[in-house]
Amino acid sequence: MDDPRAVTAQLNAIRALSVEDRLRIADSLRTFAWQLKAAVIAQRHPELSEAEVRARVREAFAGDDA
């Protein structure tokens with residue numbers, strides 16, 4: 001997003017949100033990220049069980065491999 005007016009408008013919209021709305025959006029984004037990561041792992045490694053996919057997702061988000 002290169003348009004400074006668009007950035008300002010977006011920041012103002014975020015600032016206008018209640019804390020509850022911000023938390024709801026953050027949780028929704030977290031859930032989406034986990035589901036997307038699980039889908040990518042499952043597609044790349046079809047031999048993994050659902051439990052193994054979930055474990056790899058947890059590992060990926062824990063950041064222990066850094």
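If you're wondering where the values come from, they're calculated on a predicted model, not measured in any experiment.

So, how was this worked out
Residues numbered from 1 in each chain as written. Predicted model: local features only at pLDDT ≥ 70, side-chain atom pairs only at ≥ 80, totals over all residues. Heavy atoms only, no water. Helix = DSSP H or I, 4+ residues; strand = E, 2+ residues; numbered from the N terminus. Rg over C-alpha atoms; globule rule 2.2 N^0.38 Å. Patch = residues over 30% accessible without salt bridge, like charges linked within 9 Å, V, L, I, M, F, W, Y side chains within 5 Å. Areas by Shrake-Rupley, 256 points an atom, 1.4 Å probe, with all protein chains shown as cover. Salt bridge = Lys/Arg side-chain N within 4 Å of Asp/Glu carboxyl O. Axes fitted to C-alpha atoms, helices over the stretch in contact; angles between N-to-C directions. Parallel < 35°, antiparallel > 145°, perpendicular 65-115°, else oblique. Left-handed = near helix turned anticlockwise from the far one by under 90°. Contact = heavy atoms within 4.5 Å. Nonpolar A, V, L, I, M, F, W, Y, C, P; charged D, E, K, R; others polar. pLDDT = per-residue confidence, 0-100.

**Student:** Go over the overall build of the protein chain, please, and point to the residues and values.
**Tutor:** From N to C terminus, the protein chain includes three helices and zero strands. Listing each helix as α and each strand as β along the protein chain from the N terminus yields α-α-α. Expected size for 66 residues packed as a compact globule is a radius of gyration near 11 Å; at 17 Å, the protein chain overshoots this value by more than 25%. For the C-alpha atoms alone, the extent of the protein chain along its principal axes is close to 50 × 30 × 25 Å.

**Student:** Any details on a nonpolar patch on the surface? Residues and values, ideally.
**Tutor:** Side chains of V7, L11 and I14 sit close together on the surface and give an oily, nonpolar patch of about 210 Å² of accessible area. Residue placement: I14 occurs in helix α1 (residues 4-15).

**Student:** Lay out the packing of helix α2 (residues 19-44) against helix α3 (residues 50-62) in plain terms, naming residues and giving numbers.
**Tutor:** Two quantities define a packed helix pair, namely the angle between the helix axes and the distance between the axes. It is the contact of α2 with α3, at a shortest axis distance of 9 Å, that shows an interaxial angle of 120 degrees. One element, α2, and the other, α3, form an angle in the oblique class. In the packing of α2 onto α3, the handedness of the crossing is right-handed. Facing A33, W34, K37, A38, I41 and A42 of α2, the residues of α3 in contact are V53, R56, V57, R58, A60 and F61. Here the contact of α2 with α3 is composed, by residue class, of nine nonpolar, no polar and three charged.

**Student:** Can you tell me about the confidence of the model for the protein chain, naming the residues and giving the values?
**Tutor:** Confidence along the protein chain averages 94 in pLDDT terms, with 94% of residues attaining 70 or more. Ranking the elements of the protein chain by mean pLDDT puts α1 last with 95 and α2 first with 97.

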